[in-house]
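Structure at a glance
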Amino acid sequence: MSRIKQRFFIACLGLALAVALFTGVFAVMGWGSLLRDAGSAVIYPFQWIGSKIGNGISGFFSYLADLDDLQAELESVRAENQALKNQLIDAEILADENAWLYHYLSIKEEHGDYALCAASVISSSSASGEGGDFATELTLNRGSSSGVETGMPVITPSGLVGVVVEVSLHHCRVMTLLDTSVSVGAVTTRATENGLCEGDYSVLHMGQAILKNLPEEADVQVGDIVVTSGRGSVYPYGIPIGRVTEVTANAFVRTTEAAVEPFTDFSELTQVVILTDYTHYVDGYENTQGDRP
Amino acid sequence: MNRRPGIRYTAVGTGRRVLTEQIKLTVTLALTGLVLIGLETTALSRVKIPLFGWQAASPALGLLFSMAVGFLHGEREGGITGLFAGWMADATMGDGMMLCPLLYFLCGYLSGTVGKRRLAHNLPSFMIFSVMGGGLRCLWAVSAAAVKLRGLPPAVWIWTGLVPAWVLTVLFSAAVYGTVKGEQWLLKPKS
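Conventions and cut-offs
- Residues numbered from 1 in each chain as written.
- Chains lettered and ligands numbered in written order.
- Predicted model: local features only at pLDDT ≥ 70, side-chain atom pairs only at ≥ 80, totals over all residues.
- Helix = DSSP H or I, 4+ residues; strand = E, 2+ residues; numbered from the N terminus.
- Buried ≥ 20, exposed ≤ 12 C-beta atoms within 10 Å, placed from the backbone.
- Contact = placed C-beta atoms within 7 Å.
- Nonpolar A, V, L, I, M, F, W, Y, C, P; charged D, E, K, R; others polar.
- Pairing = 2+ DSSP bridges.
- pLDDT = per-residue confidence, 0-100.
- Expected span 1.5 Å × (residues − 1).
- Axes fitted to C-alpha atoms, helices over the stretch in contact; angles between N-to-C directions.
- Parallel < 35°, antiparallel > 145°, perpendicular 65-115°, else oblique.

Notes on the overall build of chain A
In terms of helices and strands, chain A carries 4 helices and 14 strands. A burial count over chain A gives 30% of its 293 residues as buried. Long-range contacts, defined here as pairs at least 24 residues apart, represent 57% of the contacts in chain A between residues at least 6 apart.

And the structure:
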């Protein structure tokens, strides 16, 4: 056994010396070492894995080393993010205001005779209905200090809203078209049938008003557009009110009635315009009698 | 049953089982050796010890592995593993003559013979080998690189390059010993 081990030792020692010697000789002669190249080929996959592990460990420790910096950067980014969010909210508000002012200007351009006073809705009383809550009464942020008086019409770019019924120094109260106490002189644009557009409990839940006092034989059809007639000296001529959705005959008083769906969305009113002055027309003709309130 | 004197009898299938176990052991040791040398030459070559300056040094895992195999499995296994590990180490880091196989073979073989006869088979005993083997490797590296390092003062080079490698080799000895010991336990035939 001992002899075998000696042989083994001598053989391995001889092999190691031979490898060293031949490799050295070949290296001196300028030939590459075949053994070294073969060893490199064997070890290469393991070196590749080791390199990946090393990179991972190195990255992890560099992450730990930079943790304080990262924390500070995170705080900074959070603060910046909050500031940007605030800016975004401001930008959205400004965009809304911009859109509103654009419509406001379009009213001014379309009706050069209108004196307008933009106002915001502070609060509203509404009636709940199928399509949501429909405002019947509004409180606006303009009052007598802004030149607002009772009886002044209130509009939006879409159409008529209502009329100012009460004014304080900095606020005013507006009854909308849907309220039963409001009555607006109205005319259909297709056949110029005159009537009164009033709020009515029978259609309030649908956010609609009723066009009443039409002659029995009046030519009114579903889809007709209704605008203010200018009669009554409160509302100027031609402000869009809405569209006829249903026509019914009232046999008792021998008149025709029509349900009108307003163009103004009374469920989402935030900005309106108060008409503080305008040239008064009746059915499209200038009223020279000067009976503007 | 008549048995002839002088002939060693074994149970049926024992030879095949022993061969299978030897193949398992060989494959496991070869793969472990390759992984350790792969780590030595890549991930662990960036290890830096502040005390010795910030120059990177790597522990001689191949050498430790050869000595651990010799220490735990025997001098033959240690010697062959040393030849193999030395070959791999030289293939990745050496230049000129391939002397690492000779050094690693001697270390692996001697750890087997000396460890078996003189020392207990435990970690503190192996640490003695790791200190000696690491030191020997450093001396080897000094002698091999003396020709190249003419510009740098040898003291600086030894302090910042060789001593850290030696310290790291000793520090990693427990891990390598544990690995080989664990493999030995896993491959031990369960009766």
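Brief notes about the overall build of chain B
Summing up its helical and strand segments, chain B has 6 helices and 0 strands in all. When the helices and strands of chain B are listed from N to C terminus, the series reads α-α-α-α-α-α. Sequence separation of at least 24 residues holds for 70% of the intrachain contacts in chain B that already meet a minimum separation of 6.

Here we look at the interface of chain A and chain B
How large an interface is tends to be reported as the accessible area lost when its parts come together. Every contact between the two is made by 28 residues of chain A and, on the other side, 25 residues of chain B. The set of elements that each furnish at least two residues to the side of chain A that touches chain B consists of helix 1 (2-28) and helix 2 (34-65) of chain A. Broken down by element, the residue count for the side of chain A that touches chain B peaks at 15 residues, all from helix 2 of chain A. When its residues are assigned to classes, the side of chain A that touches chain B shows 17 nonpolar, 10 polar and 1 charged.

Here we look at the pairing of strand 4 (residues 160-167) of chain A
Residue and element names in this part refer to chain A. Where burial is concerned, most of strand 4 is hidden: 6 out of the 8 residues are buried. The sheet contact formed by strand 3 (residues 153-155) and strand 4 spans 3 bridges and is antiparallel. Its bridge partner lying in strand 4, Val-154 is registered against Gly-162. Adjacent in sequence and paired antiparallel, strand 3 and strand 4 are bridged by 4 residues. As paired strands, strand 4 and strand 5 (residues 172-176) are joined by 5 bridges and run antiparallel to one another. Looking at the pairing, Glu-166 lines up with Arg-173 of strand 5. Between the end of strand 4 and the start of strand 5, which pair antiparallel, lie 4 residues.

A closer look at the pairing of strand 10 (residues 240-250) of chain A
All names here are of chain A. Here strand 9 (residues 225-228) pairs with strand 10 via 3 bridges, running antiparallel. Bridged to Ile-225 within strand 10 is Arg-243. As judged from the 8 bridges shared by strand 10 and strand 11 (residues 255-262), these two strands associate in the antiparallel manner. When the bridges of strand 11 are listed, Arg-243 appears paired with Glu-261.

Observations regarding the confidence of the model for chain A
Taken residue by residue, chain A gives an average pLDDT of 82. The fraction at 70 or more is 90%. With pLDDT under 50 throughout, residues 289-293 of chain A is counted as low confidence; its partners more than four residues away or in other chains account for 6 contacts.

Topic: unusual backbone geometry
Even without a glycine there, the phi angle at Asn-213 of chain A is positive, about 60 degrees. As for its placement among the helices and strands, Asn-213 of chain A is situated in strand 8 (residues 209-215).

Re helix 3 (residues 67-110) of chain A
For helix 3 of chain A, spanning 44 residues, the distance from its first C-alpha to its last is 63 Å, which sits close to the expected 64 Å at 1.5 Å a residue. Among the 44 residues in helix 3 of chain A, 0 count as buried, and that is only a small part of the element.

With respect to the confidence of the model for chain B
Residue and element names in this part refer to chain B. Counting all residues, the mean pLDDT for chain B is 79, and 74% of those residues have values of 70 or more. Within chain B, the lowest mean pLDDT, 80, falls on helix 5 (residues 123-145), and the highest, 90, falls on helix 2 (residues 61-73). Predicted complex metrics record ipTM = 0.73 and pTM = 0.50.

Some remarks on the sheet that holds strand 8 of chain A
With antiparallel pairing, 6 strands are arranged side by side around a closed barrel as 6-7-8-11-10-9 (chain A). Neighbour-to-neighbour, the strand axes of this sheet turn through a mean angle of 40 degrees, independent of strand direction.

Quick word on the packing of helix 2 of chain A against helix 3 (residues 75-93) of chain B
One can describe the packing of helix 2 of chain A onto helix 3 of chain B by two numbers: an axis separation of 8 Å at closest approach and a directional angle of 90 degrees. Considering their axes alone, helix 2 of chain A and helix 3 of chain B lie roughly perpendicular with respect to each other. In this structure, helix 2 of chain A uses Leu-35, Arg-36, Gly-39, Ser-40, Val-42, Ile-43 and Gln-47 of chain A to contact helix 3 of chain B, whose residues at the interface are Trp-87, Met-88, Asp-90, Ala-91 and Thr-92 of chain B. For the contact of helix 2 of chain A with helix 3 of chain B, the residue count by class is 6 nonpolar, 4 polar and 2 charged.

A short note on the environment of Val-142 of chain B
All names here are of chain B. Inspection of the secondary structure puts Val-142 in helix 5. As a C-alpha pair, Val-142 and Leu-162 span 20 residues in sequence and 7.9 Å in three-dimensional space. Residues in contact with Val-142, not counting those within four places in the same chain, are Ile-158 and Leu-162.

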